[in-house]
Amino acid sequence: MALLLKVSEEKLQQQITNQDLKFQHPLELVTVPKNQSAVAKLNKRQTSVTTSRHSQRKPRPFIEVASSLARQLSEQQKMTKSLLKQLRQVKLPPAVHPLNKSLITDDRWKNTDDTQEKRRAFLYDLCKKNKRENQLRTHLVHMVSRIYVEDRHKILYCEVPKAGCSNWKRILMVLSGLASSAYSISHDDVHYGKHLKKLDSYDLKGIQTRLNTYTKAIFVRDPMERLVSAFRDKFEHPNSYYHPVFGKAIIKKYRLNAHEESLKTGSGVKFKEFIQYLLDSQRPVGMDIHWEKISKLCYPCLINYDFIGKFETLEEDANYFLQLIGAPEELKFPNFKDRHSSDERTNMEVVRQYLKELSSAERQLTYDFYYLDYLMFNYTMPIV
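Residues numbered from 1 in each chain as written. Predicted model: local features only at pLDDT ≥ 70, side-chain atom pairs only at ≥ 80, totals over all residues. Heavy atoms only, no water.

Caption draft 1: Quick peek at the pairing of strand 5 (residues 215-220). Among the six residues in strand 5, five count as buried, and that is most of the element. Examined bridge by bridge, strand 3 (residues 155-158) and strand 5 share four bridges and lie parallel to one another. Residue pairing across strands places Cys158 opposite Ile218, the latter belonging to strand 5. Two strands pair when backbone bridges link them, and strand 5 and strand 6 (residues 307-310) are joined in this way by four bridges, in the parallel orientation. If you follow Phe219 over to strand 6, its bridge partner there is Gly309. (Buried < 20%, exposed > 50% of the residue type's maximum accessible area, 1.4 Å probe, protein only. Helix = DSSP H or I, 4+ residues; strand = E, 2+ residues; numbered from the N terminus. Pairing = 2+ DSSP bridges.)

Below is the structure:
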């Protein structure tokens, strides 16, 4: 496995392939539905898993799959500049404002703070450099649909699955007075309890006020680590949702001579099959937030995040953030694994083992798929 290499901006620009981001300043978006039922319907329509007529197709033979990959590479070469073109259509909000550091009383956070300032400046400068006056539009209600609100400490947290989101939601529940300890909150209460409010549950004025005045945080992760972590969690363990909904459709479309039991249960999806689904423009089922691009979950060029944490330095970043917002001194970010605690954590060495199952073309297409996440958060793109 070759060493990780830092990719220059020029080379990164040459690798751009994604075309589906739409940007617009949050306070200049198209009208949001006035009544909550309309908002609920819009959210339901946008987040539902859709089934395509293509799910009825038979698995494609190897030669056809190889030919399809070659066509995709050719098409991507023709679209290399499309993504930065769309980035240039962003109208940015005002420049990043300084964090309130009045509650930081010692020097032990200096290095963390320096890193934080560099991350914020890097993202803002990237978006600013590639903006143009013409703007594409997206619904405000959709853009903020992944953002959780904690009104006591005036926090907005954009949820990025597989980047510490379960423990972050536990922290928000403690901060809001819903629990006394993060360690006492179960997985089901975190994800299914409906205890926390999302930003899209407020009216337009409430959304705008909070976007402009609350401390906005996002925690991200290396795209390939996040992808492999999602696959291991959802497809390598029993799951009553992902196996019948995603697994069955994936096996039916991408596995030759699939056994009846696999088609019936959807269990046993292979990583290569999962990647074929991910890269397929005619997926048999829709995208899911666990492997959706961060750039489409949190819109980092539209929402000026005050704090950018990384999973790779999660505890340090999280505990510094808790100091910044005036959390109780005894509250620390929990370090336990939410589920499958006996499994080895997904790291780059684990990722490399999974990538060996893919062809070089599939690996490149997967990197291209997450290109903007690599670029925005200054991650290195591995060459394998």
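After that view, the rundown keeps rolling.
Caption draft 2: The arrangement of the state of the cysteines in detail. One pass over the full model with this rule turns up two disulfides. The partner cysteine of Cys127 in its disulfide is Cys301, sulfur to sulfur 1.7 Å. Here the disulfide of Cys127 and Cys301 is left-handed, its torsion about the S-S bond being about -85°. Note that Cys127 is positioned in helix 5 (residues 110-129) and Cys301 in the loop between helix 14 (294-297) and strand 6, a separation of 174 residues in sequence. A sulfur-sulfur separation of 1.9 Å characterises the disulfide bridge that pairs Cys158 with Cys298. Where Cys158 bonds to Cys298 through sulfur, the torsion about that S-S bond is close to -95°, and the disulfide is left-handed. Of this pair, Cys158 sits in strand 3 while Cys298 sits in the loop between helix 14 and strand 6; the two residues are 140 residues apart in sequence, bridging distant segments of the chain. Within the protein, bonded cysteines paired by disulfides and numbered along the sequence follow the pattern 1-4, 2-3. (Disulfide = S-S within 2.5 Å.)

Caption draft 3: Local environment of the packing of aromatic side chains. Counting across every chain of the model gives 27 aromatic pairs. Ring plane angle 80° and centroid distance 6.1 Å describe the contact between Phe246 and Tyr277, whose orientation is recorded as edge-to-face. Here Tyr277 lies in helix 13 (residues 271-279) and Phe246 lies in helix 11 (residues 242-254), a separation of 31 residues in the sequence. Judged by centre distance (6.4 Å) and plane angle (40°), the ring pair of Phe271 and Phe274 falls under tilted. Of the two residues, Phe271 and Phe274 are both situated in helix 13; the distance of three residues between them amounts to about one turn of the helix. (Phe/Tyr/Trp six-rings, centres within 6.5 Å; stacked < 30°, edge-to-face > 60°.)

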